[in-house]
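One letter stands for each residue in the lines below.
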Amino acid sequence: MTIFHARGLSLTLAPLIAAGLICLSSSLAAADDPDPAAPKGAAVTVLKAAKSCFANIVEVSGTIIAREETQVRPERMGLKVAEVMVDAGDSVTAGQVLARLNLPEGGQITVQAPVAGVISASTASVGAMAGAKGEALFSIIARGEFDLVGMVPTRDIAKLQVNQTARIKVIGAGEVDGRVRRLSTTVEPNSQLAQVFVGVTTPRRLLVNSSGRAQIRTGQSCGVAVPLTAILYGTAGTVVQVVRRARVETRRVETGLMSAGQVEITSGLQEGDIVVARAGALLREGDPVRAVTASADAK
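If you're wondering where the values come from, they're calculated on a predicted model, not measured in any experiment.

Caption draft 1: Expanded view of the nonpolar core. Grouped together as the largest cluster of nonpolar side chains are 23 residues, with contacts concentrated most on I168 and I216. Secondary-structure elements contributing two or more residues to this core are β2 (50-66), β11 (146-153), β12 (165-170), β13 (174-188), β14 (193-201) and β15 (211-227). When sequence neighbours within four positions are dropped, the list of residues in contact with I168 reads L148, G174, E175, V176, D177, G178, V198, G199, V200, R213 and A214.

Listed below in structure tokens is the structure:
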């Protein structure tokens, strides 16, 4: 009788124990995942698409030339150089004595600088003959003024105007300020390039024929921007990856200007959209992700 009772009790308790284990397992699972319906996925760093302004820049590569160069010679023939007062590279003022010359009949005359500037070249040497014809004794870069002369495509020449500011990087002299001084009214027929003269503003001495590159600011454009790392280029076009409802969405976009690692988005993206900071081929349309907002330092 006792044995029969124990067996009956065991059969009665078994379903209850199993049900209790199932409930306990469900409770533990719920504790590990408070929102079982939420999608799982890799953590990705995201940021909000924000407005930014970009400078419209036209780049001009060219050569440094003297804006105005003055040749200095004596007014008469048959003179001999007696003394040279300046060398190439010296700065001079208008009226400054550059050399003294002996007259054939005795006595001396002086050769003076007609303008202030920098001596770019000198052939004067003591004992050499000098005259009103032939090689100049001195060449002066008037007022120490230089131009960067370069060529730009016809599509860019229409954006340029006299007095637009420029930043010029000159080989061997670093960066200097400049301003558009003159624009060509004709185009070279074979290359379809037009000439532009950018006046250089600097107290430094520049070397004629040095290479330089000018960035001419023609205006600015303001719009939505994202980091360059958020852009993917492929056969499907240019895209960014947006996180919406914890899943990846691929957006095709049109890009504009670029500056300091930021890219202007002209269409396809709204201000405030959550964008994957470093887009990659491993993320696909519809993939579940866990968005982690980028810190200010990461940007």
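Caption draft 2: Fine view of the pattern of salt bridges. In total, this model carries 14 salt bridges according to the counting rule given. Residue E68 pairs with R143 through a salt bridge whose shortest N-O separation is 2.8 Å. Note that E68 is positioned in the loop between β2 and β3 (69-72) and R143 in the loop between β10 (138-142) and β11, a separation of 75 residues in sequence. With a relative accessible area of 37%, E68 lands in the partly exposed category. Two residues, D156 and K159, come together in a salt bridge whose shortest N-O distance is 3.5 Å. What makes D156 buried here is its relative accessible area of 12%. Salt bridges here are not isolated pairs; linked through shared partners, they connect R67, E68, R143, E145, D147 and R181.

Caption draft 3: Quick look at the sheet that holds strand β7 (residues 108-112). Pairing in this open sheet of 4 strands is antiparallel, and the strands run β7-β6-β4-β9 from one edge to the other. Each having just a single partner strand, β7 and β9 (129-130) make up the two edges of the open sheet. Alignment of strand β6 (residues 97-102) against β7, held across 5 bridges, turns out to be antiparallel. Directly across from L101, in β7, lies its bridge partner I109.

Caption draft 4: Region of interest: the environment of A291. In this fold, A291 is placed in strand β22 (residues 289-293). Among the residues examined, A291 registers a relative accessible area of 48% and is labelled partly exposed. Along the backbone, A291 and V243 are 48 residues apart, and their C-alpha atoms lie at a distance of 7.4 Å.

The rules behind each value
- Residues numbered from 1 in each chain as written.
- Predicted model: local features only at pLDDT ≥ 70, side-chain atom pairs only at ≥ 80, totals over all residues.
- Heavy atoms only, no water.
- Core = buried A, V, L, I, M, F, W, Y, C linked by side-chain atoms within 4.5 Å.
- Buried < 20%, exposed > 50% of the residue type's maximum accessible area, 1.4 Å probe, protein only.
- Helix = DSSP H or I, 4+ residues; strand = E, 2+ residues; numbered from the N terminus.
- Contact = heavy atoms within 4.5 Å.
- Salt bridge = Lys/Arg side-chain N within 4 Å of Asp/Glu carboxyl O.
- Pairing = 2+ DSSP bridges.

The analysis is restricted to geometry; functional conclusions fall outside its scope.
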